[in-house]
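Given next are the chains, with one letter for each unit.
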Amino acid sequence: MSADITQLTSRLEIVRGGVADAARAAGRDSASITTIVVTKFHPVAVIRALHDLGIRDFGENRHQEAKDKAAMLADLDMTWHFVGQLQSKKARQARSYAQVIHSLDRDSVVDALVSRDRDVDCFIQLNLTDDQGRGGVLPGDLERLAEKVVATEGLRLLGVMAVAPLDTEPRAAFAQVRQASDRVRAIDPAATSISAGMSGDYREAILEGATHLRIGSAITGNRPPAG
Ligand SMILES: *Cc1c(COP(=O)(O)O)cnc(C)c1O
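These remarks concern the structure in this document. Everything numeric here is computed off the predicted structure, so don't read it as measured data.

**Overview of the environment of Ala 94**
Mapped onto the secondary structure, Ala 94 falls in helix α4 (residues 88-97). According to the relative accessible area criterion, Ala 94 is buried, its value standing at 0%. Along the chain, Ala 94 and Val 120 lie 26 residues apart, while their C-alpha atoms are 9.9 Å from each other. If sequence neighbours within four positions are ignored, Ala 94 has contacts with His 63, Leu 86 and Ile 101.

**Considering the pattern of salt bridges**
The tally for this structure, following the rule as stated, stands at 15 salt bridges. Here Asp 21 ties to Arg 24 by a salt bridge, and the two come within 3.1 Å at their closest N and O atoms. Of this pair, Asp 21 and Arg 24 are both found in helix α1 (residues 5-26), three residues apart, which corresponds to roughly one turn of the helix. A salt bridge links Asp 111 to Lys 148; its shortest N-O distance comes to 2.8 Å. Here the residue Asp 111 occupies a position in helix α5 (residues 107-112), and Lys 148 occupies one in helix α6 (residues 142-150), the gap between them amounting to 37 residues. Classification of Asp 111 as partly exposed rests on a relative accessible area of 42%. Taken together, the salt bridges that share partners define one network made up of Glu 60, Arg 62, Glu 65 and Lys 69.

Reading the values: the criteria
- Residues numbered from 1 in each chain as written.
- Predicted model: local features only at pLDDT ≥ 70, side-chain atom pairs only at ≥ 80, totals over all residues.
- Heavy atoms only, no water.
- Helix = DSSP H or I, 4+ residues; strand = E, 2+ residues; numbered from the N terminus.
- Buried < 20%, exposed > 50% of the residue type's maximum accessible area, 1.4 Å probe, protein only.
- Contact = heavy atoms within 4.5 Å.
- Salt bridge = Lys/Arg side-chain N within 4 Å of Asp/Glu carboxyl O.

Note that all results are geometric; they support no functional claim without further evidence.
See the structure below:
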């Protein structure tokens, strides 16, 4: 049922249309925007169906689930994005299945990802709330963490990632993300990407320069209850 191809196809078309419209409104090329489909809680059949529909970028936010799904789908050509909060104990393992990690937010996670083998692409997650317990680095610590990531072997910094807080107008939140992106770029000119925008706010994110959208329910439908 949840892998209903007709429904997936039509939701995907709606989102692709929305992305194209917002890109046009922003004067941007929609080819410069990657849509990551966040498939948390959905069975691998949904991921296979989306892969058949041309999706190659998938996101998960829980370590064990991501690891299991990557193993079950090892036959597919795809890019796994880890978008959830990462404990330093699990961070090293995330390297084994995720090609992109969106949630660097503290020294211990960065240290756990050190490697001589292969660079993993990563984003520094920003905390746009006043709640320190949320994932993400606080604005005052951004430059310091960015310098540390750049100096760490085995990490390639793509840019910044954020989730818009519920109590803020999304466009204003994403304008803050754009400013943070400028600050990171001053440290690493190659770190030009912005991971921002979800089902409810991807249009606003595109208007503020998002290059990587993380879209779940608008494409997959409602999530089944946490397993
Ligand atoms: C679940 C999730 C998303 C997608 O959320 P939707 O509102 O379903 O689009 C994006 N980013 C992160 C970090 C998530 O955990």
